[in-house]
Amino acid sequence: MFTRRQALQLGVGATAAASSVAIANSLSKQSQLDLTDVGNASLRERAAAKGILYGAAIEWAELSDSGFNQQILQECNILVAENEFKFGRMRPSLDRFDFTASDRLLGFARRHSIPMRGHTLVWHLALPDWFEEQVNRRNAEQVLTNHIQTVAGRYRGQIHSWDVVNEAIEPSDGRRDRLRRTPWLERLGDGYIELAFQAAAAADPEGMLVYNELGLEGNHSDAETRRRKVVELLAGLIDNGVPVHALGIQSHLTGGADYGQFEHLRPFLSDVASLGLQILVTELDVSDQHLPADLQERDRQIATLYHDYLAVLLDEAAVIAVLTWGLSDRYTWLSSHAPRQDGNAVRPLPLDDQLNRKQAWNAIARALDQAPPR
Ligand code: G3I
């Protein structure tokens, strides 16, 4: 009897071979790529027609912008809080929780019957200032499980899917197991991942429990190492009976990078799906920091990446949702995180800063229209 991990090692060859057929299909699709006007149906309508969810990350402050608010309601049938559900935002002190921000944002989503993701229960960033000195090897397990039990328990049955653990892999940290040296790992060892999923399952038994990761998309050895580790980690959790239901692929793409039209992702997606897991594109955007200044050329390159990426991802039936990390260039983390050297405003998202649909919007619309129905 093979474990899932052993079965995968045997299976990868077969899925890799299968991808050569997909290459022909995909390349033929490229010749059909048409990013002219794709009609008026919203992204949420096009996604829903295929049994897929499309949405975006938002922050509460953005919703007071009525024009933007209207676009969110028009385009999205799933939402995620960019920051309001993070550990640091909810924990003013070791013995207190503050749900003001998370309640407010979830209230908006529920008023409009839009499912909301819970991002994220366990991460090495967005930790409060008191964490370093007040959380130690002795109390870390209690802090972790109490946080998850309290947060996932409060929103039990109200969250579409929880990013239970975010970004636990970092090969450059030098560990043989390629795990990231996070504050949780340093205090609890690698068992913190299983602990987190078990606590989340106990607190929200109906919740979809997701492992979310970055850096998986590239056509190079580092991304391949991360993909292999993700499959190994997920197979190991499943073999140990840990309740994990889906993989979140963050999908922060870099404009101008060579992704080879993403064909290298097909075997990976198939391997994840063969574990019985669903897949979500959780934080999709395309940074234009290294792209030419010319708006038309920039938008064209960004749109082509959106289309090529989603053409491959949505070919995998296990992919159930696509969320962009923001909806409009008016509100993107990349303005501060990856600004352009020339000082021009960045243009990573489907709508421009005047809330007009861009080529990127057309590209997502086209990819959704071409996606096989679920
Ligand atoms: O709200 C405070 C504000 O009161 C204060 O004046 C200001 C200046 O210090 O900071 C504001 O908080 C910032 C917050 O974003 C809201 O804008 C934090 O400093 C800043 O660190 C935080 O950055 C977020 C980052 O995660 C870290 O949590 C980004 O908005 C968010 O886009 C980014 O998202 C992450 C995902 O969660 C995980 N995957 C990678 C992705 C990009 O880094």
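Residues numbered from 1 in each chain as written. Predicted model: local features only at pLDDT ≥ 70, side-chain atom pairs only at ≥ 80, totals over all residues. Heavy atoms only, no water.

This next bit is on the site of the ligand. Near the ligand, the surroundings consist of 14 residues, among which Glu82, Lys86, His119, Glu283 and Trp325 are the closest. The side chain of Lys86 places a nitrogen or oxygen atom 2.7 Å from an oxygen atom of the ligand. One of the side-chain N or O atoms of Glu283 is found 2.7 Å from a nitrogen atom in the ligand. Its residues assigned to classes, the shell around the ligand shows four nonpolar, five polar and five charged. (Near = heavy atom within 4 Å. Polar contact = N/O pair within 3.5 Å; in protein donor to acceptor, adjacent residues only side chain to side chain. Nonpolar A, V, L, I, M, F, W, Y, C, P; charged D, E, K, R; others polar.)

Two side chains bearing opposite charge may form a pair once their charged atoms approach each other closely. Tallying each qualifying case throughout the model produces 21 salt bridges. In this structure, Asp342 and Arg340 form a salt bridge, with 2.5 Å as the shortest nitrogen-oxygen distance. Each of Glu170, Arg180, Asp222 and Arg226 takes part in a single network of salt bridges with overlapping partners. (Salt bridge = Lys/Arg side-chain N within 4 Å of Asp/Glu carboxyl O.)

It is worth spelling out the pairing of strand β3 (residues 116-122) at this point. Most of β3 sits out of view: seven of its seven residues are buried. Pairing of strand β2 (residues 79-81) with β3, which is carried by two bridges, proceeds in the parallel orientation. When the sheet's bridge partners are listed, Val80 is paired in β3 with Arg117. In the sheet, β3 pairs with strand β4 (residues 161-166) via four bridges, with the strands oriented parallel. (Buried < 20%, exposed > 50% of the residue type's maximum accessible area, 1.4 Å probe, protein only. Helix = DSSP H or I, 4+ residues; strand = E, 2+ residues; numbered from the N terminus. Pairing = 2+ DSSP bridges.)

Attention now goes to helix α9 (residues 192-203). Compared with the 16 Å implied by 1.5 Å per residue over twelve residues, the 16 Å span of α9 between its first and last C-alpha is a close match. Looking at α9, one finds that the buried residues are Tyr192, Ile193, Ala196, Phe197, Ala199, Ala200 and Ala203. Buried residues of α9 fall within an arc of 165 degrees about the axis and therefore sit on the same side. Among the structural elements, β3, α7 (140-154), β4, α8 (183-188), β5 (208-213) and α10 (221-239) are those in contact with the buried residues of α9. (Expected span 1.5 Å × (residues − 1). Arc of directions from axis to C-beta. Contact = heavy atoms within 4.5 Å.)

The packing of two helices is summarised by the inter-axis angle and the distance between the axes. For the pair helix α12 (residues 295-313) and helix α14 (residues 359-370), interaxial distance at closest approach is 8 Å and the crossing angle is 20 degrees. One element, α12, and the other, α14, form an angle in the roughly parallel class. Viewed along their axes, α12 and α14 form a crossing whose handedness is right-handed. Residues Asp299, Ile302, Ala303, Tyr306, His307, Leu310 and Ala311 of α12 form the contact with α14, whose participating residues are Gln359, Ala360, Ala363, Ile364, Arg366, Ala367 and Gln370. Residue classes in the contact of α12 with α14 are distributed as nine nonpolar, three polar and two charged. (Axes fitted to C-alpha atoms, helices over the stretch in contact; angles between N-to-C directions. Parallel < 35°, antiparallel > 145°, perpendicular 65-115°, else oblique. Left-handed = near helix turned anticlockwise from the far one by under 90°.)

Among the secondary structure elements, Leu144 is positioned in helix α7. Taking C-alpha positions, Leu144 is 7.2 Å from Ala196, a pair spaced 52 residues apart along the chain. Beyond its immediate sequence surroundings of up to four residues, Leu144 is in contact with Val122, Trp184, Leu188, Tyr192, Leu195 and Ala196.

With that settled, the discussion passes to unusual backbone geometry. Cis peptide bonds are those with omega within 30 degrees of zero, and the linkage from His119 to Thr120 qualifies with -5 degrees. In the Ramachandran plot, Glu167 falls in the positive-phi region, its phi being about 60 degrees despite a non-glycine side chain. Among the secondary structure elements, Glu167 is positioned in the loop between β4 and α8. We classify Glu167 as buried; its relative accessible area is 7%. The phi dihedral of Arg178 is positive, around 60 degrees, even though this residue is not glycine.

What follows is about the packing of aromatic side chains. Tallied over the full model, the rule gives twelve aromatic pairs. Where Phe99 meets Tyr155, the ring centres are 6.0 Å apart and the plane angle is 85 degrees; that geometry is what we call edge-to-face. Here the residue Phe99 occupies a position in the loop between α4 (87-90) and α5 (100-111), and Tyr155 occupies one in the loop between α7 and β4, the gap between them amounting to 56 residues. According to the relative accessible area criterion, Phe99 is buried, its value standing at 11%. (Phe/Tyr/Trp six-rings, centres within 6.5 Å; stacked < 30°, edge-to-face > 60°.)

A few words on helix α3 (residues 66-75). Every buried residue belonging to α3 is among Phe68, Asn69, Gln71, Ile72 and Glu75, and all of these are buried. Projected down its long axis, α3 carries its buried residues within an arc of 160 degrees, all on one side. The exposed set on the far side of α3, more than 90 degrees from its buried face, consists of Ser66 and Gln70. Buried residues along α3 sit in contact with α2 (43-49), β1 (53-58), β2, α5 and α14.

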